[in-house]
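Structural characterization, general
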Amino acid sequence: MTKSQTATLKKQSFILPGVKHAQKYQQGRLDGLCGVYAIINAIEVLTATKGPRRAVEPRDVMRAGVSHLVARKMLEEVINSGMTVFSQYRLTRAVIRTLRDDRGVSIKVNRPLANHWDAKRNRLFKCLDKSLEQGLPVIICLGNTLRHFSVIVGKTPSRYVLHDSACLKWISRDAIGMASGSDTHRHLIEPKSVIVVSLQES
């Protein structure tokens, strides 16, 4: 290949120089809708079965969540600033009511640590482990370094496995602390943010 041909090829194939310094933003990275996606992911894990047929369509969950936020005039605030633990719990309940009324899918939520604001790490771990052993996903809010709602779907002796809208794979048990008090762990979980999702028995 001649120098002329090489030069022509370089002009035809190139990447913009700004790419070298630019971050790649994933869908959802610049909004505060992780609380909605945590509900979607928890319900997806709970109801997913082999094959194309779904008991719950993720888009239906998204529509129900957005409709609730719009009705309460919260959508703009949530997109810009995220939501509180209490707001996320109310949203979860609203979505589940919609799925029951519109789709006939009965899902139950439980906050086992809601009345234990001063719960210790061991109590949290027992709660998470017990829920997972029962086959139930758990919505949590990771505080401190992050302000992010996620879903715990598995465990090892040293980690919890996540099904996460921001592509987080896992969190170390050693990095988890409680949001109550002066805990200095990397990820602080508020007891009231722990939501166990299960199918309602008919």
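The structure this text deals with has already been given above.
These numbers come from a predicted model, not from an experiment. (Residues numbered from 1 in each chain as written. Predicted model: local features only at pLDDT ≥ 70, side-chain atom pairs only at ≥ 80, totals over all residues. Heavy atoms only, no water.)

**Here we look at the overall build of the protein chain**
Helices and strands together make up the secondary structure of the protein chain, namely 6 helices and 8 strands. Along the chain direction, N to C, the helices and strands of the protein chain fall in the order α-α-α-α-α-β-α-β-β-β-β-β-β-β. For the protein chain, buried positions account for 40% of its 202 residues. Put simply, 59% of the contacts in the protein chain that link residues at least 6 apart link residues at least 24 apart. (Helix = DSSP H or I, 4+ residues; strand = E, 2+ residues; numbered from the N terminus. Buried < 20%, exposed > 50% of the residue type's maximum accessible area, 1.4 Å probe, protein only. Contact = heavy atoms within 4.5 Å.)

**A short note on the pairing of strand 3 (residues 148–155)**
Where burial is concerned, most of strand 3 is hidden: 6 out of the 8 residues are buried. Bridge analysis of strand 2 (residues 138–144) against strand 3 gives 5 bridges, and the strand direction is antiparallel. Residue valine 138 lies in a different strand from strand 3, and its bridge partner there is isoleucine 152. (Pairing = 2+ DSSP bridges.)

**Describing the pattern of salt bridges**
Two side chains with opposite charge may pair up if their charged atoms get near one another. Here the structure, examined in full by the defined rule, presents 5 salt bridges. The partner of arginine 63 in a salt bridge is aspartate 60, with the nearest N and O atoms 3.1 Å apart. Of this pair, arginine 63 and aspartate 60 both sit in helix 3 (residues 58–71), 3 residues apart, roughly one helical turn. A residue is classified by how much of its surface remains accessible, and arginine 63, at 51% relative accessible area, is exposed. Within the structure, one salt-bridge network assembled from shared partners comprises Asp60, Arg63 and Arg103. (Salt bridge = Lys/Arg side-chain N within 4 Å of Asp/Glu carboxyl O.)

**Remarks on the nonpolar core**
Judged by nonpolar contacts, the single largest core of 51 residues is most densely connected at Leu124, Ile140 and Val194. Among the elements that line this core, the one with the most residues is helix 2 (residues 34–47), at 8 residues. Beyond its immediate stretch of four places on either side in the chain, valine 194 contacts Asn110, Arg111, Pro112, Leu113, Leu124, Cys127, Leu128, Val138, Ile139, Ile140 and Ile189. (Core = buried A, V, L, I, M, F, W, Y, C linked by side-chain atoms within 4.5 Å.)

**What about the environment of valine 109?**
For valine 109, the position within the fold is in strand 1 (residues 107–110). Ignoring sequence-local partners within four residues, the contact set of valine 109 consists of Tyr89, Thr92, Arg93, Ile96, Ile195, Val196 and Val197.

**Examining the pairing of strand 8 (residues 195–199)**
Counted residue by residue, strand 8 has 4 buried out of 5 residues, so it is predominantly covered. Of the pairings in the sheet, the one linking strand 1 to strand 8 comprises 4 bridges and is antiparallel in character. Its bridge partner lying in strand 8, isoleucine 107 is registered against leucine 199. Relative to strand 8, strand 2 is paired through 2 bridges, and the arrangement is antiparallel.

By themselves, these are just geometric observations and shouldn't be taken as functional.
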